[in-house]
2 protein chains.
Amino acid sequence: MGSFANSSRNGGGGGGGSVDKGVDFAQYFCTYSFLYHQKEMLCDRAVLDVGTGSGILAIWSAQAGARKVYAVEATKMAEHARALVKANNLQDVVEVIEGSIEDITLPEKVDVIISEWMGYFLLRESMFDSVICARDRWLKPTGVMYPSHARMWVAPIRSGLGEHKMGDYESSMDEWSNFVDETKTDYGVDMSVLSKPFSEEQKKYYLQTSLWNNLHPNQVIGSTALLKEIDCLTATVNDILEVRADIRSSITLENTRFCGYGGWFDVHFRGRKEDPTQQEIELTTAPSVDYGTHWGQQVFLMHPPIHVSDGDDLRVSFSMNRSNENHRLMEAEFHCEIQQTSGKLIPRFSNKFYIE
Amino acid sequence: MGSFANSSRNGGGGGGGSVDKGVDFAQYFCTYSFLYHQKEMLCDRAVLDVGTGSGILAIWSAQAGARKVYAVEATKMAEHARALVKANNLQDVVEVIEGSIEDITLPEKVDVIISEWMGYFLLRESMFDSVICARDRWLKPTGVMYPSHARMWVAPIRSGLGEHKMGDYESSMDEWSNFVDETKTDYGVDMSVLSKPFSEEQKKYYLQTSLWNNLHPNQVIGSTALLKEIDCLTATVNDILEVRADIRSSITLENTRFCGYGGWFDVHFRGRKEDPTQQEIELTTAPSVDYGTHWGQQVFLMHPPIHVSDGDDLRVSFSMNRSNENHRLMEAEFHCEIQQTSGKLIPRFSNKFYIE
């Protein structure tokens, strides 16, 4: 429930930031829709909610007929969850446990694990590690995971944001240049040796940091490619430490600008092979006019854009790893070559990005 | 040198935020002015710079004639400082040491400690703790500190910011209210038990967090009062853990709004009693049209403002403590009663603020 108003993920303030409240609200009940209508999966079962936040998914699980719900929350939000459970008279079913899933103990194994663990571009925050831990410790061999599957997608996009960012970077370097001049002339210290590291720092900040964006579908200029598929029932931490894929995308628009990549994810509620859900539910965070989510999309912008056209073929080697400094943040690399319909090959070029 | 472009204090990005670059630049050379013209204090002496950042104060110390400068920096910025020292051909005088002042060892005691340790409202960041540690470990008994003294000030102010903040708070509560209604009607969960904690969280964020502001002098509506004076040569950590003062301020404007308090600081370069500087230098961060600094002022806004007039007498009990969650952040309380010229007494009212 990272997107929920009182959640710890958004920090204490709750106000401001780039989250569109309407979008967030839509997403919130989107989350809801996938659980509430799956009663048959929950009736008379024991459920574990990993990172319950305000406790809303745990409450819905109880309302959907779960026999017992263990709602685990590492932060002080657990107190609010407990109050909410009591106010809705579900204290006999929902037990809120304050603690890390890695540390706590449950009195029994569970039939179902639910969790809203997805970060930007699916894996940011690395919270799925905790879900894996919960699964390995507390899920019965016959148990199911909600969501059961997750996929990461990427597509070439056009966007005007890159020019803005480049403008910001250039302004910053102009200021630096004046600063170096004045420091030398007026104060006798030559700062020019720091110009290169300063430029690198600013480039990383303005040009190599991926951005949250709510893309319009018409900003997607080529076919969408699958980067990664995760089976939540079997994936290990090792499986998600690195994402690596060689993908292709065909440009679908005539004479346009290939400005970078848009990345998003979807998750599915499929149950398990021997015990499938009656109706498969999908939550997608793909570009959409009507159904935005607070996750939006992550955009990775190139400077400058490249002219492409209908039928041009992008061949992209993608890799994403956790940051050494903070394992909840990511670094992504795109190596791309373009086979144009004319037969001309634009040789491989590379872009590195930080998902902060 | 926390205000310097490459500094760790402003985070990696360097861009954006509320810092006015022109203001920042002015401040930067303001810092400079107090050291460069004090050559006589530095000639042939050993100097320690606590938290050297890019190394600029250490370089100026060397240029001003110091025999040896130890420039201590806890972050990776030390590498840039080393490069800057070398580029200015001062590597024989300035030795950059990467490490915490609490951990490192110097080959000798020093005659002078310089440091730009001042945070918002002087004490935010609690960096003076490290300067005290440096002084107690490495300053000769006859040594001097730059700056040598610091003072905290407060004055009643008028400001339009409070209404904005109140508007933001009210919008946020309206949205919450709609959210509670919809969650109940459409999804069967009663969230109203969380309305009070949500309101408290939002109040703290919008109404009880002090704000960075560049006050215009005409926003100050009463006399300025001294909250604290620190002698950098003798102060202990215990002396600065808490700031407590009973102060008075006379309103100097007719029929105006007492919207809250503005807080700022100044520091002085006075040497020591037996060894005073030839010319005392002051760096003030008081409201000013011409000489803004990146520190600006901290403003503490009340909701709603109180009508006051020329000659009204404010009696304020002030206290400031470190936050339990983060010792580098502060919590401040103002208890105020107003003796009006008419003789009427507005009884004591209290406001608590978080300096985040």
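By the naming in an unreviewed UniProt entry, chain A is Protein arginine N-methyltransferase domain-containing protein, taken from Ficus carica.

**Observations regarding the pairing of strand E3 (residues 94-98) of chain A**
All names here are of chain A. Sheet analysis places strand E2 (residues 68-73) next to E3, joined by 5 bridges and oriented parallel. Across the sheet, the residue bridging to Val 69 is Val 94, located in E3. At this point the chain moves from E2, through helix H4 (residues 77-87), to the parallel E3, and the crossover so formed is right-handed.

**Thoughts on the packing of helix H6 (residues 161-187) of chain B against helix H7 (residues 195-206) of chain B**
Residue and element names in this part refer to chain B. One way to put it is that H6 packs onto H7 with a least axis distance of 10 Å and a crossing angle of 160°. As summarised for this structure, H6 and H7 are arranged roughly antiparallel, according to the angle between their axes. Like other packed secondary-structure pairs, H6 and H7 cross with a definite hand, here right-handed. Seen from H6, the contacting residues are Lys 165, Asp 168, Tyr 169, Ser 172, Met 173, Trp 176 and Val 180; seen from H7, they are Ser 195, Phe 198, Ser 199, Gln 202, Lys 203 and Tyr 206. Of the residues assigned to the contact of H6 with H7, the class counts are 6 nonpolar, 4 polar and 3 charged.

**Some words on the sheet that holds strand E5 (residues 139-146) of chain B**
Residues and elements named next belong to chain B. Read from one edge to the other, the open sheet built from 5 strands follows the order E3-E2-E1-E4-E5, with strand pairing classed as parallel. Whereas interior strands pair on both sides, the edge strands pair on one side only; in this sheet they are strand E3 (94-98) and E5. Here the average twist between neighbouring strands, direction ignored, is 20°. Relative to strand E2 (residues 68-73), strand E1 (residues 46-50) is paired through 5 bridges, and the arrangement is parallel. The partner of Val 47 across the bridge, within E2, is Val 69. Sitting on the sheet, helix H4 (residues 77-87) is in contact with E2 and E3, with an inclination near 170° to E3.

**A few points about the UniProt feature "domain: Protein arginine N-methyltransferase" (unreviewed entry) in chain A**
Residues annotated in UniProt with the feature "domain: Protein arginine N-methyltransferase" (unreviewed entry) correspond here to residues 167-337 of chain A. The straight-line gap between the two end C-alpha atoms of residues 167-337 of chain A is 27 Å; of that span, 22% is helix and 44% is strand.

**Concerning the pattern of salt bridges**
All names here are of chain A. Tallied over the entire structure, the rule returns 38 salt bridges over all chains. Across the pair Asp 266 and Arg 151 runs a salt bridge whose closest N-O atoms are separated by 3.1 Å. Separated by 115 residues along the polypeptide, Asp 266 in strand E10 (residues 256-272) and Arg 151 in strand E6 (residues 149-157) bring together distant segments of the chain. Taking relative accessible area as the criterion, Asp 266 reaches 3% and is therefore assigned buried. Put simply, Arg 272 and Glu 274 hold a salt bridge, and the shortest N to O gap is 2.7 Å. The class of Arg 272 is buried, set by a relative accessible area of 15%. On the basis of relative accessibility, which here comes to 62%, the residue Glu 274 falls in the exposed class. Here the residues in one salt-bridge network are Arg 248, Asp 313, Arg 315 and Glu 337, joined through shared partners.

**Focus on the packing of aromatic side chains**
Scanning the model with the defined rule gives 30 aromatic pairs over all chains in all. With a centroid separation of 4.2 Å and an interplanar angle of 40°, the aromatic rings of Trp 117 of chain A and Phe 128 of chain A are classed as tilted. In this pair, Trp 117 of chain A sits in the loop between strand E4 (110-114) and helix H5 (128-138) while Phe 128 of chain A sits in helix H5, placing the two residues 11 residues apart along the sequence. Centroid distance Tyr 146 of chain B to Phe 269 of chain B: 6.0 Å. Interplanar angle 65°. Geometry classified as edge-to-face. Residue Tyr 146 of chain B is located in strand E5, and its partner Phe 269 of chain B is located in strand E10 (residues 256-272); the two are separated by 123 residues in the primary sequence. Considered together, Tyr 146 of chain B and Phe 269 of chain B belong to a single accessibility category, that of buried residues. Ring pairs connect the aromatic residues Phe 121, Phe 258, Tyr 261, Phe 300, Phe 318, Phe 334 and Phe 353 of chain A, which therefore count as one cluster. Lying across the ring of Tyr 354 of chain A, Lys 204 of chain A places its NZ or CZ 4.2 Å from the centre.

Conventions used here
Residues numbered from 1 in each chain as written. Chains lettered and ligands numbered in written order. Predicted model: local features only at pLDDT ≥ 70, side-chain atom pairs only at ≥ 80, totals over all residues. Heavy atoms only, no water. Pairing = 2+ DSSP bridges. Helix = DSSP H or I, 4+ residues; strand = E, 2+ residues; numbered from the N terminus. Right-handed = clockwise from strand over helix to strand, strands pointing away. Axes fitted to C-alpha atoms, helices over the stretch in contact; angles between N-to-C directions. Parallel < 35°, antiparallel > 145°, perpendicular 65-115°, else oblique. Left-handed = near helix turned anticlockwise from the far one by under 90°. Contact = heavy atoms within 4.5 Å. Nonpolar A, V, L, I, M, F, W, Y, C, P; charged D, E, K, R; others polar. UniProt positions renumbered as here; feature names shortened; annotations may be inferred. Salt bridge = Lys/Arg side-chain N within 4 Å of Asp/Glu carboxyl O. Buried < 20%, exposed > 50% of the residue type's maximum accessible area, 1.4 Å probe, protein only. Phe/Tyr/Trp six-rings, centres within 6.5 Å; stacked < 30°, edge-to-face > 60°. Lys NZ or Arg CZ within 6 Å of the ring centre and 35° of its normal.

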